[in-house]
Amino acid sequence: MDTLSYKTISANSSTVEKQWVIVDAQSAILGRLASEVAKILRGKTKPSFTPNVDCGDNVIVINADKVRLTGDKWDAKVYVRHTGYPGGQRISTPKLLKQKSSTILIEKAVRGMLPKNRLGSKLYGNLYVYEGSEHPHAAQQPKAITL
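About the criteria used
Per-chain numbering applies: the sequence of each chain, read as written, is numbered from 1 onward. Totals for whole chains, interfaces and linings use all residues, but because this is a predicted model, local features are given only for residues with pLDDT of at least 70 and pairs of side-chain atoms are given and counted only at 80 or more. Computation of side-chain values covers all heavy atoms of the structure but excludes hydrogens and water. DSSP bridges decide pairing: two strands pair if at least two such bridges lie between them. Helix and strand definitions here come from DSSP, where helices need a minimum of 4 consecutive H or I residues and strands a minimum of 2 consecutive E residues; each element is numbered from the N-terminal end. A patch consists of residues whose relative accessible area exceeds 30% and which take part in no salt bridge; residues with like charges are grouped when within 9 Å of each other, and nonpolar side chains (Val, Leu, Ile, Met, Phe, Trp, Tyr) when within 5 Å. Note on areas: Shrake-Rupley, 1.4 Å probe, and residue coverage restricted to the protein chains presented here. When a carboxyl oxygen of Asp or Glu is within 4 Å of a side-chain nitrogen of Lys or Arg, the pair counts as a salt bridge. Counting rule applied: Lys, Arg positive; Asp, Glu negative; His and chain ends not counted. The atom standing in for a charge is NZ when the residue is Lys, CZ when it is Arg, CG when it is Asp and CD when it is Glu. Classification of residues uses two cut-offs on accessible area relative to the type maximum, computed with a 1.4 Å probe and protein chains only: under 20% is buried, over 50% is exposed, and between them is partly exposed. For Phe, Tyr and Trp, where Trp contributes only its six-membered ring, two rings pair if their centres lie within 6.5 Å, and the inter-plane angle classes them as stacked under 30 degrees, edge-to-face over 60, or tilted in between. The criterion is that NZ of a Lys, or CZ of an Arg, lies within 6 Å of the ring centre and within 35 degrees of the ring normal, and then a charge sits over that ring.

(A) Spatial organisation of the pairing of strand β4 (residues 89-92). By the bridge criterion, 4 bridges tie strand β3 (residues 79-82) to β4 in an arrangement that is antiparallel. Its bridge partner lying in β4, Tyr79 is registered against Ser92. The turn linking β3 back onto β4 is made up of 6 residues, and Gly84 within it adopts a positive phi angle of 105°.

Set out below in structure tokens:
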């Protein structure tokens, strides 16, 4: 048997086949949606997955304003950040973030599920979230995915 048939194929930036996919967040639960989107961004759904390469697809999330949270998480869940100054701890809830922009909820959830390094930052750049059902990426001919 030929030994070349046993070689593991590792993807690199020139051999990766990136596609555009569209995900509808209407009546989807935030965490479950975010974990599936993070898998697609990372490339874990592809057989050519390589851990150190951006081999995931570009993901468009529409209807971000219709995402759901279970239980009383709209008020009970807390996002904590710190300004860096003494006494600078700031707390916000999903209800407050949705008043600013409902895209922030999905972006924060997906970002927390990506690697915390340069690759994670690059993968996060492949995420596009929109509040309504309209998006400016029709020229890329995104493929619809149901989660």
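(B) A look at a positive patch on the surface. Where like charges cluster on the molecular surface, the positive patch consists of Arg81, Arg90, Lys100 and Lys108. Counting through the fold element by element, Arg81 comes out in strand β3. Residue class for Arg81 comes out exposed when judged on its relative accessible area of 54%.

(C) A nonpolar patch on the surface, seen in detail. Residues Val78, Val80 and Ile91 make up a contiguous nonpolar surface patch of about 270 Å² in total accessible area. In this structure, Val80 sits in strand β3.

(D) Here's a closer look at the packing of aromatic side chains. Following the criterion strictly, the structure yields 1 aromatic pair and no others. Ring geometry for Trp20 and Tyr128: centres 5.4 Å apart, planes at 25°, overall stacked. Of this pair, Trp20 sits in strand β1 (residues 20-24) while Tyr128 sits in strand β5 (residues 127-129); the two residues are 108 residues apart in sequence, bridging distant segments of the chain. Its relative accessible area of 26% is what places Tyr128 among the partly exposed residues. The ring of Tyr124 has Arg111 lying over it, and the distance from NZ or CZ to the ring centre is 4.1 Å.

(E) Expanded view of unusual backbone geometry. In this structure, Ser27 takes a positive phi of about 55° despite not being glycine. Within the secondary structure, Ser27 sits in the loop between β1 and α1 (30-42).

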